[in-house]
Amino acid sequence: MALQFVSSPSAVSRETSRELGGALIGEPATGALPGWPVQRVFAPLLGATSAAIHETWLAEGPVISGRSEDIVWRQANGLLFGVIELDEADFSAMPGASALQAASEEAYRRIFRLLDAERVPHLWRVWNYLSAINLETDGLERYRQFNIGRQDAFLESSRGATGNVPAACALGLAGSPLSIAFMAGTTPAAPLENPRQISAYNYPAEYGPRSPTFSRGALVYPAGQEILFISGTASIVGHETVFPGDVAGQCREAMANVAAVLGEGNRLSKTVPYALSELSYRVYVRHANDFRVIRETLAPLLGAADVVYLQADICRHDLLLEIEAMASHSQEKA
Ligand code: 3EB
């Protein structure tokens, strides 16, 4: 398999020169971080046997490392993985634009400059984390401020903010800087939408002055391979939250949405069909107290799948959980 995803309680003990990048989920690291781009996800793990989980993407061969404008990145075989962390305190609010909005726009501008310079133009998947995501400052929720900066950067880069946009997630983590990890490639992604939902980039204005810029999922193509990314998925039908206050109901509805995006993936896939039970899941739980109910409700729907549960704030105050998932298939035909 060309690109490999590994998950373990600790960083790979010795560097193999094949690490492209990854994430460290759990308690803030006290020791040194690995030498490859690592997104620190400052979120308590739920129901885990270790204090932290390292997730690492391994390329087939040696990788090239670089740093530009605070982005730490690596690339191999037409694929680039990068992480940028920005401190909002380094940005100033302007009339009508918060420091978070400015930082978000700048982060995406830098990402697009890097992708243009490295000729890896297609943004496939983005992981967005920020602190206090539901906090309202100067009359606008911080998630909505982030959405303005993100969309402006897409429009400014002439990428457009609808249709061909990356799969993504956006969560709130206590004490986190604005942290954005991304995977990009030399080949275009096939974006996926969910027939049960309005595309997020077409959400009406009641969810903020600018719509979020992401697709419901994507099929992407590292050499010889197809990866299915299912974006952060919640209990939303059309554009409305359903089952407010009912955590089990939200679990079932979110999984119905995951299944719907998987169905779209299977319609467009160049490989054998994907099954819900083969995906790797990340489940974000707003209230740690809901964890048991969420795990019990999801268990029969996920089968033996790998699941990481973590506490995080979801970008709408009435959403109690969000589920993202991915799987990889070889494109080699038997
Ligand atoms: C939703 O469906 C839930 O802003 O990048 C999910 C995935 C959500 C990605 C983002 C937001 C984002 O609207 C929230």
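Now for a quick tour of the structure. Since the structure is predicted, the reported quantities are computational estimates derived from the model, not experimental observations. (Residues numbered from 1 in each chain as written. Predicted model: local features only at pLDDT ≥ 70, side-chain atom pairs only at ≥ 80, totals over all residues. Heavy atoms only, no water.)

Among the nonpolar cores identified, the biggest contains 76 residues, and Trp-57, Leu-123, Phe-182, Met-183 and Phe-229 are the most heavily contacted of them. When residues of this core are assigned to their parent elements, the largest contribution, nine residues, is made by helix H1 (residues 99-117). Apart from residues lying up to four places away in sequence, Met-183 is in contact with Leu-3, Trp-57, Leu-79, Leu-80, Phe-81, His-122, Leu-123, Trp-124, Arg-125, Trp-127 and Phe-229. The next biggest cluster of nonpolar side chains, apart from the first, holds 29 residues, and it includes Leu-46, Leu-192, Ile-294 and Ile-323. (Core = buried A, V, L, I, M, F, W, Y, C linked by side-chain atoms within 4.5 Å. Buried < 20%, exposed > 50% of the residue type's maximum accessible area, 1.4 Å probe, protein only. Helix = DSSP H or I, 4+ residues; strand = E, 2+ residues; numbered from the N terminus. Contact = heavy atoms within 4.5 Å.)

A few words on the environment of Val-242. Mapped onto the fold, Val-242 is located in the loop between strand E18 (240-241) and helix H3 (247-268). Distance in space between the C-alpha atoms of Val-242 and Asp-318 is 9.0 Å, their sequence separation being 76 residues. Among all residues touching Val-242, those that are not within four sequence positions of it are Ser-235, Ile-236, Val-237, Gln-250 and Glu-253.

Sheets are built from strands paired through backbone hydrogen bonds, the pairs being either parallel or antiparallel. Ordered by their spatial adjacency, six strands build an open sheet running E6-E7-E8-E13-E9-E12, and the pairing between neighbours is mixed. At either end of the open sheet lies a strand with only one pairing partner, and these are strand E6 (64-68) and strand E12 (167-172). On average, each strand axis in the sheet is tilted by 15 degrees relative to the strand beside it, whichever way the strands run. Strand direction decides the pairing type here: strand E7 (residues 71-76) and strand E8 (residues 79-86), joined by six bridges, are antiparallel. Paired with Ala-76 across the bridge in E8 is Leu-79. Packed on one face of the sheet, H1 meets E6, E7, E8, strand E9 (122-130) and strand E13 (178-185) and runs near 25 degrees to E13. Along the sheet, helix H2 (residues 142-156) contacts E9, E12 and E13; its crossing angle with E9, the most-contacted strand, is approximately 155 degrees. (Pairing = 2+ DSSP bridges. Axes fitted to C-alpha atoms, helices over the stretch in contact; angles between N-to-C directions.)

Taking 1.5 Å of rise per residue, the twelve residues of helix H4 (residues 291-302) would be expected to cover 16 Å, and the 15 Å separating its terminal C-alpha atoms lies within 8% of that figure. For H4, every residue scored as buried is listed here: Phe-291, Ile-294, Thr-297, Leu-298 and Leu-302. Down the axis of H4, the buried side of the element spans an arc of 140 degrees, and every buried residue falls inside it. Seen from the open side of H4, the exposed residues pointing more than 90 degrees away from its buried face are Arg-292, Glu-296 and Pro-300. (Expected span 1.5 Å × (residues − 1). Arc of directions from axis to C-beta.)

Sheet architecture is open: seven strands sit in the order E4-E20-E19-E21-E16-E15-E14, paired in mixed fashion. Two strands in the sheet have a free side with no partner beyond their single neighbour: strand E4 (45-46) and strand E14 (190-192). For E4 and strand E20 (residues 306-311), the ladder comprises two bridges, and the chain directions are antiparallel. Directly across from Leu-46, in E20, lies its bridge partner Tyr-309. The strands touched by H3 within the sheet are E14, strand E15 (217-220), strand E16 (225-233), strand E19 (280-285) and strand E21 (321-330), with E16 carrying the most contacts at an inclination of about 150 degrees. The strands touched by H4 within the sheet are E4, E19, E20 and E21, with E20 carrying the most contacts at an inclination of about 160 degrees.

This part covers the packing of H3 against H4. One can describe the packing of H3 onto H4 by two numbers: an axis separation of 9 Å at closest approach and a directional angle of 30 degrees. Taken together, the axes of H3 and H4 lie roughly parallel to each other. At the point where H3 passes H4, the crossing takes the right-handed sense. Residues Val-247, Ala-248, Cys-251, Arg-252 and Met-255 of H3 lie in contact with H4, whose contacting residues are Val-293, Ile-294, Thr-297, Leu-298, Leu-301 and Leu-302. Its residues assigned to classes, the contact of H3 with H4 comprises nine nonpolar, one polar and one charged. (Parallel < 35°, antiparallel > 145°, perpendicular 65-115°, else oblique. Left-handed = near helix turned anticlockwise from the far one by under 90°. Nonpolar A, V, L, I, M, F, W, Y, C, P; charged D, E, K, R; others polar.)

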